[in-house]
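What the coordinates show
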Protein chains: 2
Amino acid sequence: MNLAREAAVLAILAASVSCTSVPPLAAPPTSVPQLATPAPELEAYRSDVEALVREALVKGRSFALLAELCLSAPKRLSGSKGAARAVAWAERTMRSIGLSNVRLEPVLVPHWERGETESLRVLDADGLPRERLSILALGGSVATPPGGVSAEVMVVTSFEELRARAAQARGKIVLFNRPMDPAQHDCFAAYAGAVDQRGRGASEASRVGARAALVRSMTMALDDHPHTGALRYDEDVAPLPAAALSTLAADRLAARVAAGERVRVNLQLSCRTLPDVLSHNVVGEIPGTGIEREIVVVGGHLDAWDVGHGAHDDGAGCAHCLEAARLILARGLQPRRTIRVVLFMNEENGARGAQAYYEGHLDELERHVLALESDAGGFTPRGFATDANPRAFESLRAIVELLDSASANALRVGGGGVDIGPLARSGVPLVGFRPDDERYFDHHHCERDTLDNVHPRELALGSGAIAGLLHVIANLPQPLRRNPQPVPAPSR
Amino acid sequence: MNLAREAAVLAILAASVSCTSVPPLAAPPTSVPQLATPAPELEAYRSDVEALVREALVKGRSFALLAELCLSAPKRLSGSKGAARAVAWAERTMRSIGLSNVRLEPVLVPHWERGETESLRVLDADGLPRERLSILALGGSVATPPGGVSAEVMVVTSFEELRARAAQARGKIVLFNRPMDPAQHDCFAAYAGAVDQRGRGASEASRVGARAALVRSMTMALDDHPHTGALRYDEDVAPLPAAALSTLAADRLAARVAAGERVRVNLQLSCRTLPDVLSHNVVGEIPGTGIEREIVVVGGHLDAWDVGHGAHDDGAGCAHCLEAARLILARGLQPRRTIRVVLFMNEENGARGAQAYYEGHLDELERHVLALESDAGGFTPRGFATDANPRAFESLRAIVELLDSASANALRVGGGGVDIGPLARSGVPLVGFRPDDERYFDHHHCERDTLDNVHPRELALGSGAIAGLLHVIANLPQPLRRNPQPVPAPSR
């Protein structure tokens, strides 16, 4: 999950700490019927929902699907051969589980490669390399010159501090070292409060004349695993090479600098950006019966960072979506509305798949009744977050209470996710799957995001929960009330 | 957590799948005031509760306390030197965190030792040992004769099947191979549905003339780690040696038998039961101010099986209780009622500490307003379970909703735990801490129950949740309504 690009989503996530408040959105009239669904009416779905969860636990394929993806395409950053393999796997898998209208929808994606050289070394008084620290180049970073950049480290914890000490920053390598706030019990909110350093640190450092940027890894774990992720360069400054430093390495460097030592380091990166590559979103459907023109979207992203297996981010989301659809088919539950599985490309470093889906389906977005995204890992479900208007929120809350057997009965105010984000412009209510998040950032964007760190039952419960929610939404007599449209849809 | 001894608790747990129903208990008048606490009144506690959780996350000592226990006494089965070290650590730690009236309360405990020899080998046609399978003797088992027991394996999945096939069982080694039901989303309920095989299997096998008992490990994980746990011998049958087999080994054996093969094995155990040993419950208090005669108990158990570190079972519970008290002291929150921390001895194979506390405090049980136990692991909180009467349940539900920031806002109907179980006889409402349980039985009673499998933030959230609940209960204007007393308290 790359939230750097979606500040608005982050702000909503940061605010989503209570399940009792509802979003302060007006609910203007639209052309869709407006009835909130009464809870007793929903009880009729309970046995189906519980059967879906049971099927997921007893005869489910969640972990098998995830294992296939992780083993056949562990490295699948946009533009890579692994990404192409993941697309082929997704298409093949959608057909094998019985989805209809399976197709590839084109997306032109960025193609960044890490390269062979990636090192950060502390220099001794004679300028000779000594201790080697654990880093990963940030996605999108430029390379250093051959031989690297050697300079003194300056440590800051905010852009404000950097600007206030701008004169000192000239010629330095700036280490952005503000930790994710451990007081935040919501780890995504803690991430949202720190990730500006990764996304914008290099540009801010460039603006004050620094030579490179280092960023404390976005995790609360104290260990030696660096966590990568995307940066964006502002257009008005020279791009600086930038890398993530493990939290332990960041603490060690910062402690020495705080003790008054002048710490010089040498940073070498050989990463590069190649020409854009044609890739694809992968789409398949369970066609509806009766109100098949109305569409419920469920999605995750196929691409992943080039470290670990992308198991939690977002192999788990892909497995959730595919398995949820498979469960509905396996139970013989013919939905009234069409359920559309979309496995997006390029969530991590561009969100071009999200934009392509939005632009490619403008003429039917009015018929999208809900979009659900799973991009928060494969841990035990807690429930869902949504940006839905108050009336739809109340309907969703009553539906989510049916998901008790999947431990997914909490509904909170929050964002749906990066890939379905653009659909908000057309008033589609967005829902994000929310599993337990305490371990997520231990694995996120780092070597530890591997298959063996996903628990088969936890993953299966997520699939069951999502299947249950999809089943109810796809069969409700009336669709949910649409959201107000904050941004007018562009004319075609 | 050893539930074998407490069938009643298990039955309640098995039924505790809904948070919306309340227990069908009558609520007879007692001498204690009966007001349910209105939710708005509780809002005054919210800021304190949130501060406790924040303190637990930011400056907490949960994981440090657990690490101390696991490193100083990783093996601490009742009667062992490790158990004595754990008692000494607990006493020292209670004093160091500032508890008052710290004392050791005597408990005479069983002393069972695993011994050096523990093997299960498949025999070939010539009676020579071939494949070696992973086992752990069950706690309390007798040894085999020197050279072991060699016999053919018979596989059953229930006592009913064993009785129906009693004639075939004579002279055999019976493998009880009914898995924990994966359809149960509540893993404790799945455990409750299978653990009779471990607790009573050896006696049932003896009754039909078998020579030894093997039991499929109580876990849903398919791996090669056997999980031990206590058995009990019925007094009317000869005790048979009994061991737990890893799930993979059980599956392999069962598959061969199912294919028609006559599989002979040799089981060797050198475990033994030594004379009882004097040990202790460890007790300390935060004395109340104002209504100090009323007591809120919070407890976990110090003893643990002799494999792994007893990190989740129940080092985590000990850390929760000690840290919850420390947090309340650290925040300067002087409770009106007395908060009493009880670290029980011998939960795993006898529950003698539970009985000793009950018998030793009979004269003040009327003044116990609540007992809370943490013995379900150190994972992310979900909330609490309780046997409280409907009025107290509603008060507790409103209190638990204050624990949202610790992810602990769910209250369900269920048991408190083995160690506080006897207090129910005096009408004390019991509460059990309920963390996420999907991974618990992967670690329970096996080599995998180690410190590194506990997540520091997950553990800290549990401590914060428990501290918050204790704080409110210890300060409520009126105590909770007591439960009806199902069993009259014995006269002294």
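What you are looking at is a predicted structure, and each value in this text was computed from that prediction instead of being measured.

About the thresholds
- Residues numbered from 1 in each chain as written.
- Chains lettered and ligands numbered in written order.
- Predicted model: local features only at pLDDT ≥ 70, side-chain atom pairs only at ≥ 80, totals over all residues.
- Heavy atoms only, no water.
- Least-squares fit on C-alpha atoms with pLDDT ≥ 70 in both.
- Contact = heavy atoms within 4.5 Å.
- Helix = DSSP H or I, 4+ residues; strand = E, 2+ residues; numbered from the N terminus.
- Axes fitted to C-alpha atoms, helices over the stretch in contact; angles between N-to-C directions.
- Parallel < 35°, antiparallel > 145°, perpendicular 65-115°, else oblique.
- Left-handed = near helix turned anticlockwise from the far one by under 90°.
- Nonpolar A, V, L, I, M, F, W, Y, C, P; charged D, E, K, R; others polar.
- Pairing = 2+ DSSP bridges.
- Expected span 1.5 Å × (residues − 1).
- Buried < 20%, exposed > 50% of the residue type's maximum accessible area, 1.4 Å probe, protein only.
- Arc of directions from axis to C-beta.
- Polar contact = N/O pair within 3.5 Å; in protein donor to acceptor, adjacent residues only side chain to side chain.
- Buried area = accessible area lost by both parts, 1.4 Å probe.
- Salt bridge = Lys/Arg side-chain N within 4 Å of Asp/Glu carboxyl O.

**Notes on the relation of the copies chain B and chain A**
Superposing chain B onto chain A requires a rotation of 180° together with a translation of 0.0 Å along the rotation axis, leaving an RMSD of 0.0 Å. The superposition operator between the copies reduces to a two-fold rotation axis. Here 100% of the interface residues in chain B have copies in chain A that are interface residues too; the copies meet face to matching face.

**With respect to unusual backbone geometry**
The omega angle of the peptide bond from A:Asp313 to A:Asp314 is 5°, so this bond is cis rather than trans. Structurally, A:Asp314 is set in helix 11 (residues 311–330). Of note in the backbone geometry, B:His445 takes a positive phi value of approximately 60° without being a glycine.

**Comments concerning the packing of helix 13 (residues 390–400) of chain B against helix 15 (residues 456–475) of chain B**
Residues and elements named next belong to chain B. Interaxial distance between helix 13 and helix 15 falls to 10 Å at its minimum, and their mutual angle equals 130°. Judged by the inter-axis angle, helix 13 sits oblique to helix 15. Here helix 13 and helix 15 pass one another in a crossing that is right-handed. Residues Leu 396, Ile 399 and Val 400 of helix 13 form the contact with helix 15, whose own contacting residues are Leu 469, Val 472 and Ile 473. Taken together, the residues of the contact of helix 13 with helix 15 break down into six nonpolar, no polar and no charged.

**What to know about the sheet that holds strand 4 (residues 135–137) of chain A**
Residues and elements named next belong to chain A. Ordered by their spatial adjacency, eight strands build an open sheet running 3-2-9-5-6-7-8-4, and the pairing between neighbours is mixed. Since the sheet does not close on itself, it has two edges, and those belong to strand 3 (129–133) and strand 4, each with one partner. The average angle at which neighbouring strand axes cross in this sheet is 35°, direction not considered. Here strand 2 (residues 118–123) runs beside strand 9 (residues 264–269); their pairing, made up of six bridges, is antiparallel. From the neighbouring strand, Ser 119 faces strand 9, where its bridge partner is Gln 268. Packed onto the sheet, helix 10 (residues 247–258) meets strand 2, strand 3, strand 5 (149–156), strand 6 (173–176), strand 7 (212–216), strand 8 (242–245) and strand 9 and runs at close to 135° relative to strand 3.

**Side note on helix 10 of chain A**
All names here are of chain A. Between its first and last C-alpha, helix 10 extends 16 Å over 12 residues, near the 16 Å set by a 1.5 Å rise per residue. Of the positions making up helix 10, those classed as buried are Thr 247, Ala 249, Ala 250, Leu 253 and Ala 254. Viewed along the axis of helix 10, the buried residues span an arc of 160°, placing them on a single side of the element. Positive backbone phi, at 95°, marks Gly 260, one or two positions downstream of helix 10.

**A word on the sheet that holds strand 14 (residues 381–386) of chain A**
Residues and elements named next belong to chain A. Strand order across the open sheet formed by eight strands is 1-10-12-11-13-16-14-15, with mixed pairing between neighbours. Sheet topology places strand 1 (100–113) and strand 15 (410–413) at the edges, where each strand pairs with a single neighbour. For this sheet, the mean angle separating the axes of adjacent strands, direction not counted, is 25°. Of the strand pairs in this sheet, strand 10 (residues 272–286) and strand 12 (residues 337–344) are connected by five bridges, and their pairing is antiparallel. Directly across from Glu 285, in strand 12, lies its bridge partner Arg 340. Packing against the sheet, helix 5 (residues 81–96) makes contact with strand 1, strand 10 and strand 12, and its axis sits at approximately 5° to strand 10. The strands touched by helix 15 (residues 456–475) are strand 11 (291–301), strand 12, strand 13 (368–373), strand 14 and strand 16 (430–435); relative to strand 14, the strand with the most contacts, the crossing angle is about 40°.

**Describing the side chain of A:Ser206**
Residue and element names in this part refer to chain A. With respect to the helices and strands, the residue Ser 206 is situated in helix 9 (residues 196–207). Taking the relative accessible area as the measure of exposure, Ser 206 reaches 13% and is therefore buried. Polar contacts involving the side chain of Ser 206 include one to the main-chain carbonyl oxygen of Ala 238, which spans 2.5 Å. The residues contacting Ser 206, other than those within four sequence positions of it, are Val 237, Ala 238 and Leu 240.

**Notes on the interface of chain B and chain A**
Each partner contributes to the interface: chain B provides 30 residues, whereas chain A provides 30 residues. Between chain B and chain A, roughly 2,500 Å² of surface is buried when both sides are summed, and carbon and sulfur atoms account for 42% of that area. Where chain B meets chain A, there are six salt bridges. One salt bridge connects A:Glu438 with B:Arg457, and the closest N-O pair in it is separated by 2.7 Å. Between the two partners, chain B and chain A, sit 22 residue pairs in polar contact (both at pLDDT 80 or more). Elements supplying a minimum of two residues to the side of chain B that touches chain A: helix 3 (46–59), strand 14 (381–386) and helix 15 of chain B. In terms of residue class, the side of chain B that touches chain A is built from 11 nonpolar, nine polar and 10 charged.

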